[in-house]
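# Results of the structural survey
Listed below, chain by chain, are the residues.
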Amino acid sequence: MLIREFISQANKSQMITTLLKHYKVGNVRVKLKSMKNHAHYNVDTGTLELSTKYKTIKNSQVKEFLITILHEIYHAMDSKKYGWKKFKDMYEMEMNLQIAKGKDEYKDNKYEIEAEKFGENYWKKWNSKFKKDGLI
Ligand SMILES: [Zn+2]
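Everything in this summary refers to the structure shown in the same document. Here the structure is a predicted model, which is why all the values come from computation and not from measurement.

## Quick look at unusual backbone geometry
The phi dihedral of Lys24 is positive, around 55°, even though this residue is not glycine. Considering the arrangement of structural elements, one finds Lys24 in the loop between α1 (9-22) and β2 (29-33).

The following block contains the structure:
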């Protein structure tokens, strides 16, 4: 049995492309950026930022990688649904609401909670599919 310790950049890119297409956010603006997180949806600019820091990822990082990508894709889906400018306003209103309630603007933010749930719910399904495809 072949145990791959690292997942190549090509396989990583293919997984991202597959996910973006599947969730029909393939036309969302994508920007490559050097950053600590695997991905980040920039609400202010309506851009999905992908990290250039991890050229390859370790098998042990797959779960975190998939959850993060799915989480950010969920924001991109919301942004597509409402239009990114409107979504930016909705997101900011939600932040202000949580602050006014004395809660955390991110942790208690409904858009963050929904996005995280989406990642938690679907990462296993994609993990199996990508394994079957020989990508991980
Ligand atoms: Zn988020």
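## Some points on the coordination of the zinc ion
The zinc ion binds to the protein through His71 (NE2), His75 (NE2), Glu112 (OE) and Glu112 (OE); the donor distances cover 2.0 to 2.8 Å. Given four donor atoms and angles of 51 to 137° at the metal, the environment of the zinc ion is assigned as irregular. All donors of the zinc ion belong to a single chain; written as a sequence motif, their spacing is H-x3-H-x36-E. In this pair, His71 is assigned in helix α2 (residues 62-82) and Glu112 in helix α4 (residues 110-132), connecting sequence segments 41 residues apart. By relative accessible area, His71 is classed as buried at 9%. On the accessibility criterion, Glu112 (17% relative accessible area) is buried.

## So, the environment of Tyr41
Of note, Tyr41 is situated in strand β3 (residues 39-42). For Tyr41, a relative accessible area of 3% corresponds to the buried category. Residues Tyr41 and Ile16, 25 residues apart in the sequence, show an inter-C-alpha distance of 14 Å. Ignoring any residue separated from it by four or fewer positions in sequence, one finds Tyr41 in contact with Gly46, Thr47, Leu48, Glu72, His75, Ala76, Ser79, Trp84 and Phe87.

Criteria and thresholds
- All residue numbers refer to positions counted from 1 along the written sequence of the respective chain.
- Predicted model: local features are reported for residues with pLDDT of at least 70 only, side-chain atom pairs are reported and counted for 80 or more only, and whole-chain, interface and lining totals are derived from all residues.
- Working from all heavy atoms in the structure, the side-chain values ignore hydrogens and water.
- Helix numbers and strand numbers start at the N terminus; a helix is a DSSP run of H or I with at least 4 residues, a strand a run of E with at least 2.
- A 2.8 Å cut-off from the metal defines N, O and S donors, relaxed to 3.2 Å for Na, K and Ca; water is not in the atom list, so some sites may appear incomplete.
- The geometry test gives tetrahedral to four donors whose angles all lie between 85 and 135 degrees, gives square planar to four donors and octahedral to six donors whose opposite members are over 155 degrees apart with all other angles between 65 and 115, and gives irregular to the rest.
- Relative accessible area decides the class of each residue, using a 1.4 Å probe on protein chains only: under 20% of the type maximum gives buried, over 50% gives exposed, and in between gives partly exposed.
- By definition, residues are in contact when any of their heavy atoms lie within 4.5 Å.

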